[in-house]
Amino acid sequence: MNNAIAQTTALLSTCALLLTGCGGGSVTNTPNSTTNNTTTNTTQTTTTSGAIPIGIALAQTSNVALLGQEGFVGARIAEKYFNSKGGINGTPIKLISQDTSGDEAGAINAFQTLINKDKVVGIVGPTLSQQAFSADPIAERAKVPVIGASNTANGIPEIGDYVARVSAPVSIVAPNSLKAALKQNPQIKKVAVFYAQNDAFNKSETEIFQKAVKEKGLELVTVQKFQTTDTDFQAQATNAINLKPDLVIISGLAADGGNLVRQLRELGYKGIIIGGNGLNTPNVLSVCKALCDGVLIAQAYSPEYPGEINKIFRQAYIEQYKKEPAQFTGQAFAAVQVYVEALKELDKKSKISTLPLDKLRTELNKQLLAGKYDTPLGEIAFTPVGDVIQKEFYVAQIKMDKDGNTGKFVFIK
């Protein structure tokens, strides 16, 4: 995993879009088939090789790897920690990874393999909301629980009864960064918005941002569209800068969004920039480098949250990576934690090793939705439809070091 992240960062330091990532050695290759096969063995029990399999379907390649790799890190930390505490009442869990890459086909393939070949009890993923709208229905038809750890677009839990998420919806999180920007500069009047039109989450997020801008009585001077695969934003950036906005809001992913931030600054924009949830990763720092400084991003996780499980998670992450954990890492840890605690409660009622796989998946889905969990995100629970109930939210501002290559997210009080 460290090699994967190092190679990704090195490639992005040239400010070029990451096209291929380096998957960790623990990732199982995804088959090429894109058939919509949801057949599953309903008589098999779950403790193959003495462990309970949980699927991790996140991006390890493509430009989306900047987000997906953080999720893998959080999930692996959770696996190690909860197994050290006895797993599921004495039975360990085993995370089985599949690379979703950055598109819908990759997510579909990953889900099919985890459900039909790996016989997992549930899945964490996929990375993008765009992928979730295509892959989650496959799990729904197979009656396999899914917990989204980074899917924040509107409508995700409504995909089906077996779809939940620990990632708070963008409608709750995003407006907090606009409030922070107005607190920093009450004189903001004109706002320019940029968004990736080929991504479901970013289309959903920009609608929230644009609504919040209008509700604050601000003038939306332009809405500029781009693709998540774009690297050249000079035309859109120039068009916006000519309108003299006081604030820029970007809904994109880390690679494209980071490049857009860089080019806006290079062209002379000096106002406040808000980054959406897709830029909510330290990996963006290697894209815009010193020009990342000052970007505001709303958060659903803080390393400083005082809960005991967060202290354990934070310490484990810092010991391994020598830096603070980011939101997607904490959310992936929380998703695995939900599965572990729900499985433990279910096992107390009826030994899960004796349950047919289809029965276990169904009962696990009921149990996880009914529980309350003290996670690194704070105390969470789920609505009947599967949306996360979370109380704690934050805003962070990127502060770059003097070398212009390293920096951190500083949380605003």
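That block above? That's the structure.
Residues numbered from 1 in each chain as written. Predicted model: local features only at pLDDT ≥ 70, side-chain atom pairs only at ≥ 80, totals over all residues. Heavy atoms only, no water.

### A word on the packing of aromatic side chains
Phase 1: Per the counting criterion, the structure on display carries 9 aromatic pairs.
Phase 2: Measuring from centroid to centroid gives 5.3 Å for F226 and F233, while their planes differ by 90°, and the two rings are edge-to-face.
Phase 3: We classify F226 as buried; its relative accessible area is 2%.
Phase 4: When its relative accessible area of 0% is taken as the criterion, F233 is described as buried.
Phase 5: Aromatic side chains Y317 and Y321 sit 4.9 Å apart centroid to centroid with 35° between the ring planes, which places their arrangement in the tilted category. One end of the pair is Y317 and the other is Y321, both in helix α11 (residues 308-321) and 4 residues apart, which spans about a single turn. The exposure classification of Y317 matches that of Y321, with both residues buried.
Phase 6: Taken together, the aromatic side chains of Y81, F82, Y301, F313, Y317, Y321 and F333 make up a single cluster linked through ring pairs. (Phe/Tyr/Trp six-rings, centres within 6.5 Å; stacked < 30°, edge-to-face > 60°. Buried < 20%, exposed > 50% of the residue type's maximum accessible area, 1.4 Å probe, protein only. Helix = DSSP H or I, 4+ residues; strand = E, 2+ residues; numbered from the N terminus.)

### A closer look at the pairing of strand β11 (residues 296-299)
The side chains of a regular strand alternate between both faces of the sheet.
Phase 1: Side-chain alternation along β11 places L296 and A298 on one buried face and I297 and Q299 on a second face that is also buried.
Phase 2: Pairing geometry for β11 and strand β15 (residues 394-400), over 4 bridges, is antiparallel. Its bridge partner being in β15, I297 is matched across the sheet by A396. (Pairing = 2+ DSSP bridges.)

### What to know about helix α2 (residues 65-84)
Phase 1: With 20 residues, α2 extends 28 Å from end C-alpha to end C-alpha; this agrees with the ideal 28 Å at 1.5 Å per step.
Phase 2: Burial of α2 is extensive: 16 of the 20 residues sit out of reach of the surface.
Phase 3: Directly beyond the C-terminal end of α2, a positive phi value near 105° is found at G86. (Expected span 1.5 Å × (residues − 1).)

### Quick notes on the packing of helix α3 (residues 104-117) against helix α4 (residues 129-142)
Phase 1: Where α3 meets α4, the closest approach of the two axes is 8 Å, and the angle between their N-to-C directions is 25°. Classified by the angle between their axes, α3 and α4 sit roughly parallel to one another. Crossing of α3 over α4 shows right-handed handedness. Note on element contacts: α4 touches α3 through Q130, Q131, S134, A135, D136, I138, A139 and A142, opposite E104, A107, I108, F111, Q112 and I115.
Phase 2: Counted by class, the contact of α3 with α4 contains 8 nonpolar, 4 polar and 2 charged residues. (Axes fitted to C-alpha atoms, helices over the stretch in contact; angles between N-to-C directions. Parallel < 35°, antiparallel > 145°, perpendicular 65-115°, else oblique. Left-handed = near helix turned anticlockwise from the far one by under 90°. Contact = heavy atoms within 4.5 Å. Nonpolar A, V, L, I, M, F, W, Y, C, P; charged D, E, K, R; others polar.)

### Things to note about the pairing of β15
Phase 1: A large share of β15 lies buried, amounting to 6 of its 7 residues.
Phase 2: Pairing of β15 with strand β16 (residues 407-411), which is carried by 5 bridges, proceeds in the antiparallel orientation. Its bridge partner being in β16, M400 is matched across the sheet by G407.
Phase 3: Linking two consecutive strands that pair antiparallel, namely β15 and β16, is a turn of 6 residues; a positive phi of about 75° is found at G404 within it.

### A closer look at the pattern of salt bridges
Phase 1: Inspection of the entire model under this criterion finds 9 salt bridges.
Phase 2: Here R76 ties to E79 by a salt bridge, and the two come within 3.1 Å at their closest N and O atoms. Residue R76 and its partner E79 are located together in helix α2, separated by 3 residues, close to a single helical turn.
Phase 3: A relative accessible area of 22% places R76 in the partly exposed class. (Salt bridge = Lys/Arg side-chain N within 4 Å of Asp/Glu carboxyl O.)

### Quick look at the state of the cysteines
Phase 1: Taken as a whole, this structure holds 1 disulfide when the rule is applied.
Phase 2: Paired by a disulfide, C288 and C292 hold their sulfur atoms 1.9 Å apart. Across the S-S bond of C288 and C292 the torsion is about 100°, and the bridge reads as right-handed. We note that C288, like C292, is buried. (Disulfide = S-S within 2.5 Å.)

### Description of the nonpolar core
Phase 1: Formed by 51 residues in total, the largest nonpolar core has its most connected members in V166, V336, L343 and L368.
Phase 2: Secondary structure elements with two or more residues in this core: β2 (52-58), α2, β3 (93-99), α11, α12 (327-349), α13 (357-370) and β13 (378-382).
Phase 3: At 11 residues, α12 tops the list of elements feeding residues into this core.
Phase 4: With sequence-adjacent residues up to four places away left out, V336 is seen in contact with I56, A75, A78, I93, L95 and V124.
Phase 5: Judged by nonpolar contacts, the second largest core, of 32 residues, contains I273, L285, C288 and C292. (Core = buried A, V, L, I, M, F, W, Y, C linked by side-chain atoms within 4.5 Å.)

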